[in-house]
Amino acid sequence: MDADWVARFADEVIAEAERRAPGKPIVCASGLSPSGPIHLGNLREVMTPHLVADEIRRRGHECVHILSWDDFDRFRKVPAGVDPSWNEHIGKPLTSVPAPAGSPYPNWAEHFKAPMAAALAELGVEFRGISQTEMYASGAYREQVLLAMRERRKIDAILDQYRTKAKPGAKTVDDDEAAALEGSGAAGEDDGSGVGGYYPYKPYCSVCDRDLTTVTSYDDETTALAYTCACGHAETVILAEHTHGKLVWKVDWPMRWSFEGVVFEPSGVDHSSPGSSFVVGGQIVREIFGGAQPIGPMYAFVGISGMAKMSSSKGGVPTPADALSIMEPALLRWLYARRRPNQSFKVSFDQEIQRMYDEWDTLSKKIADGSALPADQAAYRRATSTASVTLSETPRRLPYRTLASVADITTGDEEQTLRILREFDHEISGLDELRPRLDRAQYWVTTYVPAEERTQVREEPDTELLDTLGNAERESLRLLSDNLDAHWSLDGLTTLVYGVPKIQAGLDLSAKAATPELKAAQRTFFALLYRLLVSRETGPRLPTLLLAVGRDRVRKLLGT
Ligand SMILES: [Zn+2]
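Because the structure is predicted, anything quoted here is derived from the model rather than measured.

## What to know about the overall build of the protein
Here comes step 1: Scanning the protein from terminus to terminus reveals 22 helices and 14 strands.
Here comes step 2: For the protein, the C-alpha atoms occupy an extent of roughly 100 × 55 × 45 Å along the three principal directions.
Here comes step 3: In the protein, which comprises 560 residues, the share counted as buried stands at 53%.
Here comes step 4: Contacts in the protein between residues at least 24 apart in sequence constitute 71% of all its contacts with a sequence separation of at least 6.
Here comes step 5: Surface exposure of the protein reaches about 24,500 Å², of which carbon and sulfur atoms provide 50%.
Here comes step 6: Side chains of the protein carry 64 positive and 79 negative charges; the gap between the two charge centres is 4 Å.

Put into structure tokens, the structure is as follows:
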């Protein structure tokens, strides 16, 4: 078997599933809270079990990847950009909160689930979505809820072992920030302790629909549960028939492990500390629900770079859809497949994306010629296909940095783009062959490259600069200009721009020479060209730039 982390977890999960429930489909799980835009960092919560589930399927086992939508969690906070009047909904289930204004979706949770589900489909992630609202509302967990209430003293005692271990004030992460970054909406949730005793079930108020309720008594015989609400409402319900409430997170999670028979479910760094939901849940699932804790590796933080200047239209939160707008699904999958869950990495929206794409193209070449290492081959296979689909890819791959710089210079003009790109690859028959990579690069340039890094070709010559030039500099510009026609191709212009300083040094245009003096002269010459063409010291590769600008305009700007 392949020597990568995915294969090793698959071995472990298959063996464990055979011990627990031989012959049954293997269950891997993820959980997401649609409390706002789902952060790109949370994609690891889904990709880790996805890759393991996919490997299990590749080996011919039946495997289900369940994605639990924690849409019955309370609405905690109105995100930036949403009307403050949504404050009145704080404390209601996410599925009872109206969607942001203008949304086509029936409620808050659906509004934020939809783009995540679309991104997962594009990434080739197969999953069975489970709405926790539907599960609780249908009474699916009734037995488990009654069991937890019956065993409330035992649960309280288990929780208490960890409560005493946790250092007071140890949790320094802001609740909302933690909630945004972890896989479920667990942060800051109370564990069921209250002045009137410990109750692991929390009803949503039947009058105001918020969870500002306190259970005041519970009768094990009749299942009569009395609660009061901050709104002033008080009532007694029969828990055996009640469906508008849920178990507190630390009990809810292990209950679901047991209910679904989950064998693999990773969790974020903050779930795995002593006293965390994962650790406490392990004891609760064994001692209360008679189940077993899943194999649950901790996954490290996924960082994002280059989003600082992003507009706050979406609350400034980078989502998987944002990443897919600048990179192809296979590349994004690869970022997750090639790093073990405990290794952190970054998804780059800045210049670094070009280097990432170069690395990806280098790997593709090694795969094609058979020189890739086994672990790299495995990561590549997981990135480009699943047990059931092969992800679509760009038929003709030009380097992302080339596409980006051409998009930058041509500002998207299709005819000009095609003309220049044909200089890189004469066999290009049309731009469609270069898509979707070309579209991603174009979108990256127009959306994420800061204005001061964009290329702006001068309209008029910089006469002030031209007037200061000495004879040698004027001569270099004249040499370039005179030879443009004979070298009007990517290769030709490459030879020419490096060659002009050679001619000036008394060498042949295409002489093989690389003395420090010559290199310095070339750098100086390039800087002069950039200043005259784009008013900066650097820019896209000169041959590309010259082709994009066109001969006539080049001559005009060089004053030749
Ligand atoms: Zn109320």
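## Considering the nonpolar core
Here comes step 1: Core analysis: the biggest nonpolar cluster contains 106 residues, and M327, L332, Y336 and V347 have the highest contact counts within it.
Here comes step 2: The leading source of residues in this core is helix α20 (residues 516-534), at eight residues.
Here comes step 3: In terms of nonpolar packing, the next biggest core, distinct from the first, is built from 44 residues, V27, C208, L239 and M255 among them.

## Focus on helix α3 (residues 108-122)
Here comes step 1: For α3, spanning 15 residues, the distance from its first C-alpha to its last is 23 Å, which sits close to the expected 21 Å at 1.5 Å a residue.
Here comes step 2: Inspection of α3 places W108, A109, F112, K113, A114, M116, A119 and L120 among the buried residues, and these make up the whole buried set.
Here comes step 3: Where α3 begins, the capping side chain belongs to N107, and its oxygen is found 3.1 Å from the backbone nitrogen of A109.
Here comes step 4: Trailing α3 by a residue or two, G124 shows a phi angle of about 75 degrees, which is positive.

## Details of the coordination of the zinc ion
Here comes step 1: Protein-derived ligands of the zinc ion are C205 (SG), C208 (SG), C229 (SG) and C231 (SG), with the metal-ligand distances lying across 2.3 Å.
Here comes step 2: Each of the four donor atoms bound to the zinc ion contributes to angles spanning 104 to 117 degrees, and the resulting shape is tetrahedral.
Here comes step 3: Sequence spacing of the donor residues for the zinc ion, all on one chain, is C-x2-C-x20-C-x1-C.
Here comes step 4: For C208, a relative accessible area of 16% translates into the label buried.

## A look at the packing of aromatic side chains
Here comes step 1: Taken as a whole and judged by the stated rule, the model has 22 aromatic pairs.
Here comes step 2: Between Y336 and F345, the aromatic rings sit 5.1 Å apart at their centres with planes inclined by 85 degrees, giving edge-to-face as the arrangement.
Here comes step 3: Of the residues examined, F345 reaches a relative accessible area of 9% and is grouped as buried.
Here comes step 4: Here the aromatic rings of Y443 and Y448 are separated by 6.5 Å at their centres, their planes lie at 65 degrees, and the arrangement is edge-to-face.
Here comes step 5: According to the relative accessible area criterion, Y448 is buried, its value standing at 9%.
Here comes step 6: Clustering of aromatic rings is evident, with ring pairs tying together F72, Y136, Y141, Y204 and F259.
Here comes step 7: Here the guanidinium or amino end of R338 rests over the ring plane of W334, the centre of that ring lying 4.1 Å away.

## Some thoughts on the pattern of salt bridges
Opposite charge on two side chains makes pairing possible when the charged atoms of those side chains draw close.
Here comes step 1: Following the criterion strictly, the structure yields 40 salt bridges and no others.
Here comes step 2: Close ionic contact of D485 with R555 constitutes a salt bridge, the shortest N to O distance being 3.3 Å. In this pair, D485 is assigned in the loop between α18 (471-483) and α19 (490-504) and R555 in helix α22 (residues 551-558), connecting sequence segments 70 residues apart.
Here comes step 3: One salt-bridge network, held together by shared partners, links D4, D11, E55, R59 and R382.

## Describing the sheet that holds strand β3 (residues 128-131)
Here comes step 1: In spatial order, the strands read β1-β2-β3; together these three strands make up an open sheet with parallel pairing. Whereas interior strands pair on both sides, the edge strands pair on one side only; in this sheet they are β1 (26-32) and β3. Going from strand to strand, the sheet's axes swing by 25 degrees on average, the running direction of each strand aside.
Here comes step 2: Bridge count between strand β2 (residues 63-69) and β3: four bridges; the pairing is parallel. Paired with L67 across the two strands is G129, which belongs to β3.

## Quick look at the confidence of the model for the protein
Here comes step 1: For the protein, per-residue confidence averages 91 on the pLDDT scale, and residues scoring 70 or more make up 92% of the total.
Here comes step 2: In this model, residues 166-187 is a region of pLDDT below 50 whose contacts with residues beyond four sequence positions or in other chains number 38 contacts.

## Comments concerning empty space enclosed by the protein
Here comes step 1: Summed over all chains, the structure comprises three cavities of 30 Å³ or more.
Here comes step 2: Its volume calculated, the second largest cavity comes out at about 70 Å³.
Here comes step 3: Lining the second largest cavity we find Y136, G139, Y141, R142, V145, Y201, L239, H242, T243 and G245.
Here comes step 4: Residues of the lining of the second largest cavity, tallied by class, amount to five nonpolar, four polar and one charged.

## Describing the pairing of strand β8 (residues 224-229)
Here comes step 1: The buried fraction of β8 amounts to five of the six residues, a majority that puts the element mostly inside the structure.
Here comes step 2: In this sheet, β8 lies alongside strand β7 (residues 213-218) in antiparallel orientation, the contact comprising five bridges. Each residue of the ladder has a partner; that of T214, found in β8, is T228.
Here comes step 3: Hairpin connection between β7 and β8: a loop of five residues separates the two successive antiparallel strands, and T223 in this loop has a positive phi of roughly 60 degrees.
Here comes step 4: Examined bridge by bridge, β8 and strand β9 (residues 234-238) share five bridges and lie antiparallel to one another. Considered in β9, the bridge of T228 is made with A234.

## Let's talk about the sheet that holds β8
Here comes step 1: Ordered by their spatial adjacency, three strands build an open sheet running β7-β8-β9, and the pairing between neighbours is antiparallel. The open sheet is flanked by β7 and β9, the only strands paired with a single partner. Adjacent strand axes in the sheet meet at a mean angle of 30 degrees when their direction is disregarded.

## Regarding the environment of D54
Here comes step 1: On the secondary structure map, D54 appears in helix α2 (residues 43-58).
Here comes step 2: The exposure class assigned to D54 is buried, which follows from its relative accessible area of 2%.
Here comes step 3: Separated by 470 residues in sequence, D54 and T524 place their C-alpha atoms 54 Å apart.
Here comes step 4: When near neighbours in sequence (up to four residues on either side) are disregarded, D54 contacts S385, T386 and A387.

## Brief notes about the packing of helix α1 (residues 5-20) against α2
Here comes step 1: The geometry of α1 relative to α2 is characterised by a closest axis approach of 9 Å and an angle of 70 degrees between their N-to-C directions. Taken together, the axes of α1 and α2 lie roughly perpendicular to each other. As α1 packs across α2, the resulting crossing turns out to be right-handed. Residues W5, V6, A7, F9, A10, V13 and I14 of α1 touch α2, and the partners they reach there are T48, L51, V52, E55 and I56.
Here comes step 2: Here the residues of the contact of α1 with α2 sort into 10 nonpolar, one polar and one charged.

What counts and what doesn't
- Residues numbered from 1 in each chain as written.
- Predicted model: local features only at pLDDT ≥ 70, side-chain atom pairs only at ≥ 80, totals over all residues.
- Heavy atoms only, no water.
- Helix = DSSP H or I, 4+ residues; strand = E, 2+ residues; numbered from the N terminus.
- Buried < 20%, exposed > 50% of the residue type's maximum accessible area, 1.4 Å probe, protein only.
- Contact = heavy atoms within 4.5 Å.
- Areas by Shrake-Rupley, 256 points an atom, 1.4 Å probe, with all protein chains shown as cover.
- Lys, Arg positive; Asp, Glu negative; His and termini not counted.
- Charge placed at Lys NZ, Arg CZ, Asp CG, Glu CD.
- Core = buried A, V, L, I, M, F, W, Y, C linked by side-chain atoms within 4.5 Å.
- Expected span 1.5 Å × (residues − 1).
- Polar contact = N/O pair within 3.5 Å; in protein donor to acceptor, adjacent residues only side chain to side chain.
- Donors = N, O, S within 2.8 Å, 3.2 Å for Na, K, Ca; no water.
- Tetrahedral: all angles 85-135°; square planar, octahedral: opposite > 155°, others 65-115°.
- Phe/Tyr/Trp six-rings, centres within 6.5 Å; stacked < 30°, edge-to-face > 60°.
- Lys NZ or Arg CZ within 6 Å of the ring centre and 35° of its normal.
- Salt bridge = Lys/Arg side-chain N within 4 Å of Asp/Glu carboxyl O.
- Pairing = 2+ DSSP bridges.
- Axes fitted to C-alpha atoms, helices over the stretch in contact; angles between N-to-C directions.
- pLDDT = per-residue confidence, 0-100.
- 1 Å grid on protein atoms, 1.4 Å probe; cavity = no way out; pocket = protein on both sides within 12 Å on 5 of 7 lines; lining within 4 Å.
- Points joined across faces, edges and corners; volume = space filled by probe spheres on them.
- Nonpolar A, V, L, I, M, F, W, Y, C, P; charged D, E, K, R; others polar.
- Parallel < 35°, antiparallel > 145°, perpendicular 65-115°, else oblique.
- Left-handed = near helix turned anticlockwise from the far one by under 90°.

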